[in-house]
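# Fold and contact review
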Amino acid sequence: MMMTKQSTALTLLGSSLLLLLATNPAAEAFCPPSSSTQQRTKLFMSTTDATGSPTSSSTTTENDELAATVTKLKRVLAKEYTSFFNPMVDSWYAPDVTFTDPMTSLSGVDSYRKNVDMLAGRTLMGKVLFEGAGINLHSVTGGEIVNGRVDDIVTRWTLRLTAKVLPWSPEAVFSGVSVYKIALGGKEGLSIVGQTDYWDSINIQPDTPSTNVKQQYQTVPKNIAVSDFLAQLAPTGFLAPTAAPELPYLLLRRGDGYELRKYPGFVGVETPYMRRDYGFGSLGAFAKGMDPLAPSICKVYNDDNVDDGDGKEKMMMWPLKFAFPGEGTDAPPAPAAAIEKAGSGQWASINIMSQPERIVAIRAFEDAAMGPVVRNADRELRAMLKRDGLEVEDGTEQYVLFTQYDAVHSMGKRRSEVWIDLKDGGHPF
């Protein structure tokens, strides 16, 4: 009966959202330049030589002015994302601006604003459906001046919202890119005439470079987007509680089968182990009173087994402290108590380890973290990263990093992951 109620609620929510979001077909062409656009074009062409062509000095000045306006627009976009488009700065949008994402097509500034306000819970329907909506902006790029025109501006972002209308209040997460089409003219000198959103989970084309947005992101049938959304609303079952507060991170990408996260610099303690329960016991006794963080991070070399065998030592690490925003990318100092105890007496095998800020690829798995399971998850993750044009750090193929968030003997659905560090420059973040 419970599953029947959940399925009915999920179906009703999905139907309501699809009716609400998928209303208008996407515009296939933009309107001709407005009179203000034509006036600006005439202004740009007013300084000419004897042949009627713009002089190089006038072209340089015009491009500089245009570049300054593009910079201003990018700052406006950054501010809009930070405030979740509250307010939305209408003067930078064409009256007939179009918006298209994998599930929705809209036209006009008012429709655009109402859609955002609904997701943010600022409308009656939004207050019924959602809560806790927020968006993280990762970058604003593009907008280069090419032959007197402005190239597309691209934002990368992560959106979260909670579907409070469902009894289990699932969180839906979307990450991706927005491609803004820019035209000369309008109240500010430039206008956004179209925005197209793509999701990392469904729109990335295999074997394409991760830094080339136009090549990597392509449209897919709407039913794929609907399935991706509804899958996030399904009940997850009883989850095992985490053993400690979790090390914070910024989610950069929710991809197809994996995540990309940025972790702050952190300091922790590590110890070699033969069995994980022994490692838990040693670090637990050492870190008593230091408020360690989850997860436990284990490193096992590929000439070894996860839980037994010979070869290089297996290591387990617990984070203790992390750098807060504004404190830089390095790890913070270790707690005084850890410095005093580590490496001496009964704690001779325990060392302090510092890890700077890094971007990590993650693949979750639920089965017990035995050797074949962990290494299979690692292989799957590497294949996914290669498929999506991401490059891993050199040397990571020599070992497997896997994490455990819950206690050794926990009831409920376990949470474990494999981690792979990404190479600097091997990703678009």
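Reference entry: report on the structure contained in this document. This structure is a prediction, so every number in the text was calculated from the model and none was measured.

So, on to the overall build of the chain. For the chain, the helix and strand inventory stands at 10 helices and 17 strands. Partitioning the contacts of the chain with sequence separation of at least 6, the portion at a separation of at least 24 is 67%. With an accessible surface of roughly 21,100 Å², the chain has 55% of that area assigned to carbon and sulfur atoms.

Here the focus is a nonpolar patch on the surface. Residues Leu124, Val128 and Val165 make up a contiguous nonpolar surface patch of about 280 Å² in total accessible area. Mapped onto the elements, Val165 comes out in the loop between strand E6 (153-163) and strand E7 (171-184).

Another point: the sheet that holds strand E3 (residues 130-142). Sheet architecture is open: six strands sit in the order E2-E1-E8-E7-E6-E3, paired in mixed fashion. Each edge of the open sheet carries a strand with a single partner, namely strand E2 (105-107) and E3. Between one strand and the next, the sheet's axes are offset by a mean angle of 20 degrees, whatever the strand orientation. Two strands pair when backbone bridges link them, and strand E1 (residues 93-100) and E2 are joined in this way by three bridges, in the antiparallel orientation. Bridge pairing in E2 places Thr100 opposite Ser105. Running over the sheet, helix H4 (residues 109-119) touches E1, E2, E3, E6, E7 and strand E8 (190-199) and is turned about 50 degrees from E1. Across the sheet, helix H7 (residues 222-233) is in contact with E6, E7 and E8; its angle to E7 comes to roughly 145 degrees.

Another point: unusual backbone geometry. Across the junction of Asn86 and Pro87, the peptide omega takes the value 10 degrees, indicating a cis bond. The step from Ala294 to Pro295 runs through a cis peptide bond, and the omega angle for that step is 5 degrees. Relative to the helices and strands, Pro295 resides in the loop between helix H8 (276-286) and strand E12 (296-301). Backbone geometry at Phe84 places phi at a positive 50 degrees, although glycine is not the residue there.

Right, let's get into the pattern of salt bridges. On inspection of all chains with the given rule, the structure shows 22 salt bridges. Notably, a salt bridge pairs Asp110 with Arg113, separated by 3.2 Å at the nearest N-O pair. Of this pair, Asp110 and Arg113 are both found in helix H4, three residues apart, which corresponds to roughly one turn of the helix. When its relative accessible area of 23% is taken as the criterion, Arg113 is described as partly exposed. Here Asp200 ties to Arg253 by a salt bridge, and the two come within 3.6 Å at their closest N and O atoms. Here Asp200, found in the loop between E8 and helix H6 (213-216), pairs with Arg253, found in strand E9 (residues 250-254); they are 53 residues apart in sequence, far enough to count as distant. Through salt bridges with shared partners, a single network forms among Glu246, Glu259, Arg261, Arg415 and Glu417.

A few words now on H7. Taking 1.5 Å of rise per residue, 12 residues should cover 16 Å, and H7 covers 17 Å from first to last C-alpha, within 8% of that figure. All buried positions along H7 are accounted for by Ala225, Val226, Asp228, Phe229, Gln232 and Leu233. Along the axis of H7, the buried positions cluster into a sector of 160 degrees, meaning they face one direction only. More than 90 degrees from the buried face of H7, the exposed residues found are Asn223 and Ala231.

Looking now at the environment of Trp92. By the secondary structure assignment, Trp92 is in the loop between helix H3 (56-82) and E1. What makes Trp92 buried here is its relative accessible area of 2%. It is 8.4 Å that separates the C-alpha atoms of Trp92 and Gly189, two residues lying 97 residues apart in sequence. Non-local contacts of Trp92, meaning those with residues more than four positions away in its chain, are made with Thr69, Lys72, Leu73, Val76, Glu188, Leu190, Ser191 and Ile192.

Cut-offs used in this document
- Residues numbered from 1 in each chain as written.
- Predicted model: local features only at pLDDT ≥ 70, side-chain atom pairs only at ≥ 80, totals over all residues.
- Heavy atoms only, no water.
- Helix = DSSP H or I, 4+ residues; strand = E, 2+ residues; numbered from the N terminus.
- Contact = heavy atoms within 4.5 Å.
- Areas by Shrake-Rupley, 256 points an atom, 1.4 Å probe, with all protein chains shown as cover.
- Patch = residues over 30% accessible without salt bridge, like charges linked within 9 Å, V, L, I, M, F, W, Y side chains within 5 Å.
- Salt bridge = Lys/Arg side-chain N within 4 Å of Asp/Glu carboxyl O.
- Pairing = 2+ DSSP bridges.
- Axes fitted to C-alpha atoms, helices over the stretch in contact; angles between N-to-C directions.
- Buried < 20%, exposed > 50% of the residue type's maximum accessible area, 1.4 Å probe, protein only.
- Expected span 1.5 Å × (residues − 1).
- Arc of directions from axis to C-beta.

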